[in-house]
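What the coordinates show
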Amino acid sequence: MRTRHTLSPQPLLRGIAACALAMAPAIGAPAFAQASAQGEADAIVLRPLSFFKVSDLDFGDIVASNGAGTVRVAPDGARTRAGGVTLAGGGGEPARFAGLGSYNRQVNISLGANSIWITGPGQRMRVRDFQIGSTPTAMLSTAPTRFRITSTLGNFNFPVGATLEVNANQAPGDYSGSFTITLDYL
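In every chain, residue numbers begin from 1 and rise along the written sequence. Restriction of local features to residues with pLDDT of at least 70 applies here, the model being predicted, together with a cutoff of 80 or more for giving and counting side-chain atom pairs; totals for whole chains, interfaces and linings are based on all residues. In computing side-chain values, all of the structure's heavy atoms are included and hydrogens and water are not.

**A word on the overall build of the protein chain**
The numbering of helices and of strands both runs from the N terminus, where a helix is a DSSP run of H or I of at least 4 residues and a strand a run of E of at least 2. On a plain count of helices and strands, the protein chain comes out with one helix and 11 strands. Along the chain direction, N to C, the helices and strands of the protein chain fall in the order α-β-β-β-β-β-β-β-β-β-β-β. Relative accessibility under 20% of the residue-type maximum defines a buried residue, over 50% an exposed one, and the middle range a partly exposed one, all with a 1.4 Å probe and only protein chains included. Evaluated residue by residue, the protein chain yields a buried proportion of 28% over its 186 residues. Only heavy atoms enter the contact rule, under which two residues are in contact if any of them lie within 4.5 Å. Long-range contacts, defined as pairs at least 24 residues apart, comprise 73% of the intrachain contacts of the protein chain with a sequence gap of at least 6. Shrake-Rupley sampling with a 1.4 Å probe provides the accessible areas, and residues are treated as covered by the protein chains on show and by no other component. Total accessible area computed for the protein chain in this model is approximately 12600 Å², and 53% of it derives from carbon and sulfur atoms.

**So, the side chain of S110**
Considering the arrangement of structural elements, one finds S110 in strand β5 (residues 106-111). Accessibility expressed as a relative area gives 10% for S110, which makes it buried. Every residue in contact with S110, bar those within four places of it in the chain, is listed here: S141, T142, A143, P144, T180, I181 and T182.

**A few points about unusual backbone geometry**
Residues other than glycine seldom take positive phi values, yet D129 does so here, at roughly 55 degrees. By the element assignment, D129 lies in strand β7 (residues 125-132). The class of D129 is partly exposed, set by a relative accessible area of 33%. At N169, a residue that is not glycine, the phi angle is positive and equals roughly 55 degrees. With respect to the element layout, N169 can be found in the loop between β10 (155-166) and β11 (181-185). What makes N169 exposed here is its relative accessible area of 57%.

The following block contains the structure:
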């Protein structure tokens with residue numbers, strides 16, 4: 001059953017309301033400022049037995065010299081150098097990957113190649129000796145290394161570090177390349 005309600009103000013109240021509305025602009029109302037901005041929202045919905053890159057391998061800022069050297073980023077994030085290279089500023093972090101599998105499932109992890117080349121404005125540089133952050137830390141190669149998913153939810157993550165070979169008199173600039181990680185869920 002429906003009911004209808006009609007509000008009909010009395011004539012005196014209508015007059016007071018009209019007067020108040022007419023005087024409203026004359027009364028000092030507080031000034032309000034309004035601004036708007038846009039943000040972004042992201043989500044990753046995983047398929048079972050999948051994984052994705054969380055962040056890239058970054059050797060950080062380095063200064064080359066007239067002697068060759070190396071920069072190593074360990075899976076735990078430690079950055080060290082050897083030879084004719086200087087670490088500049090902060091920076092440097094391992095690549096990070098995360099995924100979803102099944103509790104107690106074994107997973108083979110391997111690289112597409114044991115070393116890669118990164119390129120930029122100068123001579124290319126080699127990246128080698130990839131390591132996966134595990135207990136204990138394990139070298140990665142094209143031959144699979146096995147780990148077990150220990151989370152009851154099936155989620156996992158792992159960092160990957162490596163060593164960069166810096167040439168003598170390496171030209172300044174940004175250098176990049178890519179490497180492939182393959183997971184086989186057993």
